[in-house]
Amino acid sequence: MITVYIIETEDLTKVYGDITAVDGLNLRVKKGIVYGFLGPNGAGKTTTIMMLLGLVQPTKGRAFVNGINVQENPVEVKKISGLMPAEGGLYPNLSAIDNLLYFAKFYHIPRKEAEKKAKELLALVGLKDRANTKVGNFSTGMKQRLLLAQALINDPEVIFLDEPTSGLDPKGAVEMRNLIKALKNEGKTIFFSSHILPEVEEVSDEIGIISKGKLLISGSQKEIKKKFTKGMHIITVETREPVEITDLGFEVFEWRKIDENRIVVYAAEDIREELHGKLEGEGYTIIDIHLHEPSLEEVFMELVYGYGGERK
Ligand code: ATP
């Protein structure tokens, strides 16, 4: 089977009692990209990652990593995957290098090779000088970087990062994002969950938005915005005078006032010229008229919470 997608799920579902944590997920992630899995708290991000790694059994559906059926061959999937968990995963009484060496045992990596790899990884994540420091004395940023090093010990093809910048200060978050980019440049596929929009926007080639266990939209940022606007042209107009007209005189999907001097128009075509002419004809002075591209934040807020702020 030729695999275009390194991660693929079919109707992947997890039910805990009366909570459907993941609800009929159909994910497709291309090889070698950074995929940002974006969702509010409790959306089902961690549960999805756990199912993709065979650490949680789905109630229904199937998951494939590099064409391997995760539920049938969890060991094979673990061999080619790395996980940076959202919490836990380190031994505070062990040094940084001993944490890595201990972890390497699970992959049966020979001691000499493991030592070499651990040193390389500590250098990669900027902890070379702290190799022998007990992890209990590490800052959150250092722990996160060590967790990333740990996720890379088996030289995985796919790396799952569960909220990798959680608890990091701005500098730490920048460093983590740079590491994600560096890993991508090495040809790795990175699947990372987050609820931090600018971060996902910056590093992701493709994004999936999940809420209440359901994938609401997925694709490149351009595709997502196109899907979101359904090919509509969103035009905002700012006038010097307060807008008082009630009829635009054009067939549009919708239009409304945003504030006293601004309207937004949803139209099938780019009708900026017509709008300009119409409003000037009505005696308005146009200060600004432009096609509006929704931000990821707007897409997220609308899809997840709806206009009124109510959670859908
Ligand atoms: P966060 O951003 O807060 O980490 P998340 O998107 O990772 O959230 P999950 O941790 O996957 O979301 O949780 C999804 C839903 O499933 C939540 O309602 C959570 O309470 C529930 N859930 C997760 N694990 C379990 C479990 N082991 N038993 C019962 N319910 C669970």
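Residues numbered from 1 in each chain as written. Predicted model: local features only at pLDDT ≥ 70, side-chain atom pairs only at ≥ 80, totals over all residues. Heavy atoms only, no water.

Here we take up the nonpolar core. Ranked by internal contacts, the top residues of the largest apolar core, which has 49 residues, are Leu146 and Leu148. The biggest single contributor to this core is helix 5 (residues 140-151), with six residues. In terms of domain composition, this core takes at least three residues from each of domain 1 (5-226) and domain 2 (230-305). Once you skip the residues sitting within four places of it in the chain, Leu146 turns out to touch Leu90, Ala96, Asn99, Leu100, Leu122, Leu127, Val135 and Phe138. (Core = buried A, V, L, I, M, F, W, Y, C linked by side-chain atoms within 4.5 Å. Buried < 20%, exposed > 50% of the residue type's maximum accessible area, 1.4 Å probe, protein only. Helix = DSSP H or I, 4+ residues; strand = E, 2+ residues; numbered from the N terminus. Domains from an automatic or database assignment. Contact = heavy atoms within 4.5 Å.)

This paragraph deals with the sheet that holds strand 7 (residues 81-84). Overall, mixed pairing links the six strands, which are arranged 7-8-9-4-10-11 in an open sheet. Of all the strands in the sheet, just strand 7 and strand 11 (214-220) have a single pairing partner and so form its edges. Along the sheet, successive strands turn relative to each other by an average axial angle of 15°, direction set aside. In this structure, strand 4 (residues 34-38) lies alongside strand 9 (residues 189-194), joined through five bridges in parallel fashion. Each bridged residue has a counterpart across the sheet, and for Gly36 the counterpart in strand 9 is Phe192. This element, helix 6 (residues 170-185), spans strand 4, strand 7, strand 8 (158-162) and strand 9 of the sheet and lies at about 155° to strand 9. Sheet strands in contact with helix 8 (residues 221-229) are strand 10 (206-211) and strand 11, and its direction is about 125° off that of strand 11. (Pairing = 2+ DSSP bridges. Axes fitted to C-alpha atoms, helices over the stretch in contact; angles between N-to-C directions.)

Here we take up the packing of aromatic side chains. The final tally for this structure, using the stated rule, is nine aromatic pairs. Geometrically, the ring pair formed by Tyr35 and Phe37 is tilted, given 6.5 Å between the ring centres and 40° between the ring planes. Exposure class is identical for Tyr35 and Phe37. Each is buried. Judged by centre distance (5.5 Å) and plane angle (85°), the ring pair of Tyr102 and Phe106 falls under edge-to-face. Separated by four residues within a single helix, Tyr102 and Phe106 lie in helix 3 (residues 96-106), roughly one turn from each other. Overall, Phe106 belongs to the exposed group, its relative accessible area being 53%. An aromatic cluster is present here, built from Tyr91, Tyr102, Phe103, Phe106 and Tyr107 joined pairwise through their rings. (Phe/Tyr/Trp six-rings, centres within 6.5 Å; stacked < 30°, edge-to-face > 60°.)

All right, on to the sheet that holds strand 13 (residues 254-259) then. Reading across the sheet, the four strands line up as 13-14-12-15 and stay open at both edges, with antiparallel pairing between neighbours. In the strand order of this sheet, the two ends are held by strand 13 and strand 15 (286-291), each with one partner. Within this sheet the neighbouring strands show an average axis-to-axis angle of 20°, counted without direction. For strand 13 and strand 14 (residues 262-267), the ladder comprises five bridges, and the chain directions are antiparallel. Bridge pairing in strand 14 links Trp255 to Val265. Running at roughly 160° to strand 15, helix 9 (residues 272-281) makes contact with strand 12 (233-239), strand 14 and strand 15 of the sheet.

Another point: the domain arrangement of the protein chain. Segmentation of the protein chain into domains returns domain 1 (5-226) and domain 2 (230-305). The gap between the C-alpha centroids of domain 1 and domain 2 is 41 Å. Contacts between domain 1 and domain 2 engage 13 residues on the former and twelve residues on the latter. Of all residues in domain 1, the largest losses of buried area upon contact with domain 2 belong to Leu197, Ile209 and Lys225, amounting jointly to 47% of the total for that side. Applying the counting criterion to the domain 1 and domain 2 interface returns one salt bridge. (Buried area = accessible area lost by both parts, 1.4 Å probe. Salt bridge = Lys/Arg side-chain N within 4 Å of Asp/Glu carboxyl O.)

Close to the ligand lie Tyr16, Ile19, Ala21, Pro40, Asn41, Gly42, Ala43, Gly44, Lys45, Thr46, Thr47 and Glu163, which account for all nearby residues. Here an oxygen atom of the ligand and a backbone polar atom of Gly44 are 2.9 Å apart. In this structure, Thr47 approaches the ligand through a side-chain N or O atom, which is 2.5 Å from an oxygen atom. When the free accessible area of the ligand is taken as 640 Å², the share hidden by the protein chains comes to 61%. Only strand 2 (19-25) and helix 1 (45-52) provide two or more residues apiece to the shell around the ligand. Here the shell around the ligand gets three residues from one element, more than from any other, and that element is helix 1. Here the residues of the shell around the ligand sort into five nonpolar, five polar and two charged. (Near = heavy atom within 4 Å. Polar contact = N/O pair within 3.5 Å; in protein donor to acceptor, adjacent residues only side chain to side chain. Areas by Shrake-Rupley, 256 points an atom, 1.4 Å probe, with all protein chains shown as cover. Nonpolar A, V, L, I, M, F, W, Y, C, P; charged D, E, K, R; others polar.)

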